[in-house]
Amino acid sequence: MSYEIKKAAVIGSGVMGSGIAAHLANIGIPVVLLDIVPNQLSADEEKKGLTLEHPAVRNRMAAGALKKLLKQKPAPLAVKSNLSLITPGNLEDDLDKLKDVDWIIEVIVENLDVKKSLYEKIDGVRKPGTIITSNTSGISINAMAEGRSEDFQKHFFGTHFFNPPRYLKLLEVIPSKTTAPEVIEFMQEFGEDVLGKGVVIAKDTPNFIANRIGTYGLLITLREMQERGYTIGEVDSVTGPLIGRPKSATFRTLDVVGLDTFMHVAKNVYDQTEGEEQKVFEAPAFMKKMVENGWIGAKNKQGFFQKKDKEILELDPETMEYRPAGKLKTASQELAKQQKGLSAKMKTLVYADDRTGELLWNVLSPTLRYSAELHGEIADDIVAIDNAMKWGFGWEQGPFETWDAIGVEKSVARMKEEGHEVPAFVEQLLAGGNETFYREGEDGLLYFDGEGYKPVPVNDKAIDLKRYKKKHGVIKKNSGASLIDLGDGIALLEFHSRSNAIGLDILQMINFAVDEVEKNFKGLVIGNQGKNFCVGANLGMILMEAQDDNIFELDFTVRTFQNAMMKIKYSSKPVVVAPFGMSLGGGAEVALPAAHVQASMETYMGLVEAGVGLIPGGGGNMGLYAKHLKGLPEGVDIDLQNVATKVFETIAMAKVSTSAAEARESNFLNFVDGISVNPDHLIWDAKQAALGLAQKGYTAPKREKIPVTGEPGYATLLLGATGMHLSGYISDYDLKIATKLAYVLSGGKVPYGTEVDEQYLLDLEREAFLSLVAEPKTQQRMQHMLVKGKPLRN
């Protein structure tokens, strides 16, 4: 049987259920969101004179959840309009709607009997072949499937999303004993290719993979803190980015998750384990007291940390009082910062003979041993365990990758010296003369499976550029970028400067890449796999030249930038740009002239130059204006002023999209441009887009003149900016920048509707950019951004 999911139902409209519904809506799947019928009226409903039978009352739970989706931060919806794909309802009036869906996801209270009662009702209405899954974080999948029809059991399993579902990559898929293998195969492919998740297959054990190991690690850290007298702030200062973990480290993570939620997850394992393992999962007394007090974290604005005025305070578990948060500072931390790469840093820290080394060793040693003990019990292989921790908890390295980083042999010797038993799985590795859990093979990475090494499974759509370059080399590279042959006649230009900021080195490579592709390839992709696609032009270089009054050099640089963007636009072969993450300033300017944009769903795009006292200088003003005009339906009367005003507001206010879908609403993307839900597939998707354009016989766009609003339009834009200034919304200097921008966008001193060529607009832009960059207040803004990382309002 082949499976297809065109419509889904989510049962349970709490934070998690509504978040899953929002994620499905984000990828275009219509969702029915159902919840229970309230048994009493709210004060507001009583005021309106409603009864318990009124539809608004009966659907209150799900309808209320939809309203909350619009207010939540970070936003569960990629764009607010996606809300229209979610239909609220209730489990009494709308149960029949389950007949029309292909996937039913249960996200109700964590109670086995309540879940089984719901499944009985679902079993009575679902059509055969409908997939049913539970988002339980720890209840046995096999226990939930008991007593259901054969077809239900065949199509039932666990799908454990992590919160928030839009942003966290991990999806744990947990089969029951009766789940059909082909259903799991389908969900793995659907999860990766359509939902955009990193899927791991977990076994039906308490808390599955990530929460089992993650909770253990957090409780071991708590135990270590109490036994050795570390403070909460000290622990967080060394268990975050220093060791490749999220900024929220240990205790801020617990505050974000909510202590009540964490305690529930810990108790679930405690109730199903015994002996030494069970002891670890017993939460300390002070945490139980915190829950009693309601100090459960961010939702109650008080947990392990509390913000008073502008000061961050930490809890003292002994006195249960708050004090200023501290940090641990040792020599090994400074030494680690000088090391290149996380593995070298970890080695330096873990074996250091100081308070940092002691804490990290005493937390990592038991966590690594525990992960190895669970190999085969919670998952079939170490790859699933490592990926679960990376994708679910934001670890840069999973447990077995961490073990490789610190040295398996060296760490095992120390564990044994300290009297710890080392899991048989690790002994097997060393007994075979092996030194690492992972090793490089001829065709990719291999992992140890207990007997030998097997290839790490990789989705064909997940192109790892680092690994690809090792195998295939590069055509040409400089300090800013590399040109790579991606195969099938497509080349890739990869930025790799610091923060992928655009300087003359990248511009030189753009020119070379387009020339090379026009001669020898079918198309070009511009993309990379850095932290962000591109944060803009090299601000430090621009400031240095400006402070030296080297306007000639800056004029050359801006001309070179503009010319490179025009080279992208008028290339005879298609150029596809693949932005993701922050795609700001120059990053957006690279995307605007492309034949096609293939953006990651999480693309935050904007022309933000006003924040540093400038306007876009690489053709961004004209590029966004032209893309707006092209996005209008053919044959309609164009209101040039309306277009100019929208573009003016977007650039002057330095608006940044919160998703690729929102970037489309702002016309940085058009409706032909693509959005990739799975960021790992972005380069592959962009390559397919380039091939598709080439196969259709791509030709470069014709050079056309652009209609502008001229002097009347300039006056209108200026009027709006002056109004904002008079109302105190923008500063005197903001008004000066807005005046320059208005002049460029309106096309200068020409009549309304005049058609001007692109070079004319580029010249206006360059002149305005150069006049602003020479201003002391602009240079102050640039300096402030470089030093503080925040815009200055002067």
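Before reading on, note that the structure itself is shown above.
Residues numbered from 1 in each chain as written. Predicted model: local features only at pLDDT ≥ 70, side-chain atom pairs only at ≥ 80, totals over all residues. Heavy atoms only, no water.

*Asks:* Break down the overall build of the chain for me, with residues and values.
*Replies:* Across its full length, the chain holds 34 helices and 25 strands. Relative to the 2.2 N^0.38 estimate, which gives 28 Å for 794 residues, the radius of gyration of the chain is 29 Å and therefore close to what a compact globule would have. Seen through its principal axes, the chain has C-alpha atoms that stretch 80 × 70 × 60 Å. When each of the 794 residues of the chain is scored for burial, the buried share is 55%. Surface exposure of the chain reaches about 35,000 Å², of which carbon and sulfur atoms provide 51%. Distance between charge centroids for the chain: 4 Å, based on 90 positive and 105 negative side chains. (Helix = DSSP H or I, 4+ residues; strand = E, 2+ residues; numbered from the N terminus. Rg over C-alpha atoms; globule rule 2.2 N^0.38 Å. Buried < 20%, exposed > 50% of the residue type's maximum accessible area, 1.4 Å probe, protein only. Areas by Shrake-Rupley, 256 points an atom, 1.4 Å probe, with all protein chains shown as cover. Lys, Arg positive; Asp, Glu negative; His and termini not counted. Charge placed at Lys NZ, Arg CZ, Asp CG, Glu CD.)

*Asks:* Tell me about the packing of aromatic side chains, and name the residues and values.
*Replies:* Summed over the entire model, instances satisfying the criterion amount to 22 aromatic pairs. Taken together, a centroid distance of 3.8 Å and an interplanar angle of 10° make the contact between Tyr216 and Tyr370 stacked. Placement of Tyr216 in helix H9 (residues 210-228) and of Tyr370 in helix H17 (residues 355-373) is noted, with a sequence separation of 154 residues between them. Accessibility assignment for this pair places Tyr216 and Tyr370 in one class, buried. Of the aromatic side chains, those joined through ring pairs into one cluster are Phe400, Trp403, Phe425, Phe437, Phe448 and Tyr453. Above the ring of Tyr453, the side-chain terminus of Arg439 is found at 3.9 Å from the ring centroid. For the cation-ring pair, Arg703 lies above Tyr570, with the distance from its terminal atom to the ring centre recorded as 3.9 Å. (Phe/Tyr/Trp six-rings, centres within 6.5 Å; stacked < 30°, edge-to-face > 60°. Lys NZ or Arg CZ within 6 Å of the ring centre and 35° of its normal.)

*Asks:* Please set out the sheet that holds strand E8 (residues 198-201) residue by residue, giving values where relevant.
*Replies:* Pairing within the open sheet is mixed, and its 8 strands lie in the order E3-E2-E1-E4-E5-E6-E7-E8. On the outer flanks of this sheet lie strand E3 (86-90) and E8, each paired with one strand and no other. Taken over all neighbouring pairs, the strand axes of this sheet differ in orientation by 25° on average, direction set aside. Two strands pair when backbone bridges link them, and strand E7 (residues 170-175) and E8 are joined in this way by 4 bridges, in the parallel orientation. Looking across to E8, one finds that Leu170 is bridged to Gly198. In this fold helix H4 (residues 60-69) packs onto strand E2 (31-35) and E3, with an angle of close to 150° to the strand it touches most, E3. (Pairing = 2+ DSSP bridges. Axes fitted to C-alpha atoms, helices over the stretch in contact; angles between N-to-C directions. Contact = heavy atoms within 4.5 Å.)

*Asks:* Got a sec to walk through the side chain of Asp102? Specific residues and values, please.
*Replies:* Within the secondary structure, Asp102 sits in the loop between E3 and strand E4 (103-106). The residues touching Asp102, leaving out its near neighbours within four places in the chain, are Glu4, Ile5, Lys6, Lys7, Lys127, Thr130 and Ile131.

*Asks:* Residue-level account of a nonpolar patch on the surface, with values.
*Replies:* Judged by side-chain polarity, Leu632, Val636 and Ile638 come together as a nonpolar surface patch covering roughly 220 Å² of accessible area. Here Leu632 lies in the loop between helix H27 (620-630) and helix H28 (640-652). Relative accessible area serves as the criterion here: at 31%, Leu632 is assigned to the partly exposed category. (Patch = residues over 30% accessible without salt bridge, like charges linked within 9 Å, V, L, I, M, F, W, Y side chains within 5 Å. Salt bridge = Lys/Arg side-chain N within 4 Å of Asp/Glu carboxyl O.)

*Asks:* Break down the sheet that holds strand E9 (residues 305-308) for me, citing the residues and quoting the values.
*Replies:* For sheets, the rule is that strands pair by backbone hydrogen bonds, running either parallel or antiparallel. Taken together, the 3 strands give an open sheet; going across it, the order is E9-E10-E11, and neighbouring strands pair in antiparallel fashion. Unpaired on one side and paired on the other, E9 and strand E11 (321-324) mark the two borders of the sheet. When the angles between neighbouring strand axes are averaged without regard to direction, this sheet yields 40°.

*Asks:* Lay out the pattern of salt bridges with the relevant residues and their values.
*Replies:* One pass over the structure, following the stated rule, counts 45 salt bridges. Here Lys115 ties to Glu106 by a salt bridge, and the two come within 2.5 Å at their closest N and O atoms. Here Lys115 matches Glu106 in class, with each residue buried. A salt bridge links Asp673 to Lys627, with the shortest nitrogen-to-oxygen separation between them at 3.1 Å. In this pair, Asp673 sits in the loop between helix H29 (660-665) and strand E23 (674-676) while Lys627 sits in helix H27, placing the two residues 46 residues apart along the sequence. Of the residues examined, Asp673 reaches a relative accessible area of 4% and is grouped as buried. One continuous salt-bridge network, built from bridges that share partners, spans Glu53, Arg58, Glu92 and Asp93.

*Asks:* Just give me the short version of helix H34 (residues 776-788), but keep the residues and values in it.
*Replies:* Here H34 is 13 residues long and its end C-alpha atoms lie 18 Å apart, about the 18 Å a rise of 1.5 Å per residue gives. Listing the buried residues of H34 in full gives Thr778, Gln779, Arg781 and Met782. Looking straight down H34, one finds that the buried residues subtend no more than 160° of arc, so they occupy a single side. Among the exposed residues of H34, those pointing more than 90 degrees away from its buried face are Pro776, Val787 and Lys788. Residues of H34 that are buried in the fold lie against helix H24 (539-547), helix H32 (732-746) and helix H33 (758-773). Two residues or fewer past H34, Gly789 is found with a positive phi of approximately 75°. (Expected span 1.5 Å × (residues − 1). Arc of directions from axis to C-beta.)

*Asks:* Explain the packing of helix H31 (residues 710-726) against H32 to me, using residue names and the numbers behind them.
*Replies:* Their axes nearest at 9 Å, the elements H31 and H32 cross at an angle of 160°. Judged by the inter-axis angle, H31 sits roughly antiparallel to H32. Seen along the crossing, H31 lies across H32 with a hand that is right-handed. Between H31 and H32, the residues in contact are Gly710, Gly713, Tyr714, Leu717, Leu718, Ala721, Thr722 and His725 and Asp732, Leu735, Ala738, Thr739, Ala742, Tyr743, Leu745 and Ser746, respectively. A class-by-class count of the residues in the contact of H31 with H32 yields 9 nonpolar, 6 polar and 1 charged. (Parallel < 35°, antiparallel > 145°, perpendicular 65-115°, else oblique. Left-handed = near helix turned anticlockwise from the far one by under 90°. Nonpolar A, V, L, I, M, F, W, Y, C, P; charged D, E, K, R; others polar.)

*Asks:* Break down the environment of Trp684 for me, with residues and values.
*Replies:* Here Trp684 shows up in helix H30 (residues 682-695). A C-alpha to C-alpha distance of 14 Å links Trp684 and Phe580, two positions 104 residues apart in sequence.

*Asks:* Please provide a residue-by-residue account of the nonpolar core, values included.
*Replies:* Counting residues in each nonpolar core, the largest one holds 104 residues, and the members touching the most others are Leu98, Ile209, Phe251, Phe286, Phe304, Trp403 and Phe437. Residues in contact with Ile209, not counting those within four places in the same chain, are Glu172, Val200, Ile201, Ala202, Ile378, Ala379, Ala384, Ile385, Ala388 and Met389. Among the nonpolar cores identified, the runner-up in size contains 102 residues, and Val576, Met622, Ala690 and Val708 belong to it. (Core = buried A, V, L, I, M, F, W, Y, C linked by side-chain atoms within 4.5 Å.)

*Asks:* Quick one: what's the story with the packing of helix H18 (residues 382-393) against helix H19 (residues 399-406), residue by residue and with numbers?
*Replies:* The geometry of H18 relative to H19 is characterised by a closest axis approach of 7 Å and an angle of 95° between their N-to-C directions. For the element pair H18 / H19, the angle class is roughly perpendicular. On H19, the residues touching Ile382, Ile385, Asp386, Met389 and Lys390 of H18 are Pro399, Phe400 and Glu401. When grouped by side-chain class, the residues that make up the contact of H18 with H19 number 5 nonpolar, no polar and 3 charged.

*Asks:* Give me the pairing of strand E6 (residues 156-161): which residues, what numbers.
*Replies:* Taking burial as the measure, the 6 residues of E6 include 6 buried ones, the bulk of the element. Relative to E7, E6 runs antiparallel, the two being bridged by 5 bridges. Of the residues in E7, the one forming a bridge with Gly158 is Ile174.

None of the figures reported here should be taken as evidence of function without further support.
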